[in-house]
Amino acid sequence: MTVLPARRLLLVHAHPDDESINNGATMARYAAEGAQVTLVTCTLGEHGEVIPPGLAHLTGAALGEHRRGELAAAMRALGVEDFRQLGGPGRYQDSGMMGLPDNDDPGCLWQADLDEAAALLVEIIREVRPQVLVTYDPDGGYGHPDHIKAHRIAMRAAELAAEAGCPVAKVYWNRVPRRAAEEAFARLADALPGLPFTKSATLDDVPGVVPDERVTTTIDGTAYATAKAAAMRAHATQIEVAGRYFALSNELAQPIFTTEYYELVGGEPGATHERDLFAGLALGEPEGAA
């Protein structure tokens with residue numbers, strides 16, 4: 001019987017790079033503290049737009065394989081050892097942006113049978129037995145079909161796992177409080193002349209921005225800012241990092257958030273405003289895997 005760490009965190013994301021942008025500091029912090037951090041990525045991002053001209057030849061499966069290598073490098077930067085692709089590498093293809101013909105590919109994630117995909121995630125839940133699950137909100141943060149489907153898969157898997165006697169105690173969605181976003185963009189405006197980006201993004205370009213009162217949990221990851229930036233930099237086909245800022249293929253500068261924010265949507269809060277995803281849980285001794 002495998003002995004599991006007392007704290008176990010599962011994150012479900014759509015493509016390589018989403019995890020580092022949204023949760024890199026959180027993942028690095030909990031990994032450094034000895035928690036079991038498991039990342040499940042649903043696709044390899046085969047339709048991502050490539051930034052470096054020297055890698056522009058990468059498309060389709062070749063790009064997906066390259067991004068798989070980028071993900072491994074990012075996980076080394078964060079100290080995370082357990083990272084997987086849902087159903088194995090290439091099981092589900094990138095669906096492309098909403099409204100494109102790629103959405104109709106029978107092999108893409110958007111077309112995947114929900115219960116079938118969720119069952120694959122349940123297998124991981126039964127193995128890892130996470131107390132905490134982190135994923136996107138119902139809009140996937142910004143409306144990408146793979147993000148929306150990853151949300152649906154994660155939430156359905158939590159339901160199925162509970163029915164199978166392996167409940168997840170707490171479920172969170174990625175969030176950014178509006179005030180923190182506004183303050184970060186104010187700093188960006190001052191820094192922009194010295195950055196290698198064309199102009200600034202806007203709050204509308206940041207996934208998961210909500211009124212401050214929606215945020216239930218704040219994770220201070222400032223001690224892991226360097227690790228998060230290194231993980232983002234590892235995703236070189238998708239992200240360009242410059243100091244405390246980054247840009248995607250649109251060349252619009254955004255702040256790197258090293259304090260990361262969440263909304264508790266399943267389970268009981270451990271405090272009026274939590275500073276720990278495991279707040280309120282009776283952790284006790286490490287458990288054995290089934």
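Owing to the predicted nature of the structure, the values given are computational and were not obtained by experimental measurement.

**Considerations on the nonpolar core**
For step 1, the next point in the chain: Counting residues in hydrophobic clusters, the biggest one holds 29 residues, and the most contacted among them are Leu-10, Val-12, Leu-86, Tyr-92, Leu-121, Ile-125 and Leu-133.
For step 2, the next point in the chain: Counting only elements with at least two residues in this core, the list comes to strand E1 (8–13), helix H3 (114–128) and helix H4 (145–163).
For step 3, the next point in the chain: With eight residues, the top contributor of residues to this core is H3.
For step 4, the next point in the chain: Filtering out sequence-adjacent residues up to four positions away, Leu-10 remains in contact with Thr-38, Val-40, Leu-121, Ile-125, Pro-130, Val-132, Leu-133 and Val-134.
For step 5, the next point in the chain: If you look at the next biggest cluster of nonpolar residues, it comprises 25 residues, including Tyr-30, Ala-35, Val-80 and Val-134.

**What about the sheet that holds strand E6 (residues 199–200)?**
For step 1, the next point in the chain: One open sheet holds the four strands; their spatial order is E6-E11-E10-E9, and the pairing between them is mixed. Pairing within the sheet leaves two strands with one partner each, and these edge strands are E6 and strand E9 (240–242).
For step 2, the next point in the chain: Relative to strand E10 (residues 245–247), E9 runs antiparallel, the two sharing three bridges. Bridge assignment links Glu-240 to a residue of E10, and that residue is Ala-247.
For step 3, the next point in the chain: Together, E6, E10 and strand E11 (252–255) form the strand contacts of helix H5 (residues 178–191), whose direction differs from that of E11 by roughly 130°.

Calculation notes
Residues numbered from 1 in each chain as written. Predicted model: local features only at pLDDT ≥ 70, side-chain atom pairs only at ≥ 80, totals over all residues. Heavy atoms only, no water. Core = buried A, V, L, I, M, F, W, Y, C linked by side-chain atoms within 4.5 Å. Buried < 20%, exposed > 50% of the residue type's maximum accessible area, 1.4 Å probe, protein only. Helix = DSSP H or I, 4+ residues; strand = E, 2+ residues; numbered from the N terminus. Contact = heavy atoms within 4.5 Å. Pairing = 2+ DSSP bridges. Axes fitted to C-alpha atoms, helices over the stretch in contact; angles between N-to-C directions.

Purely geometric stuff here, so don't read any function into it on its own.
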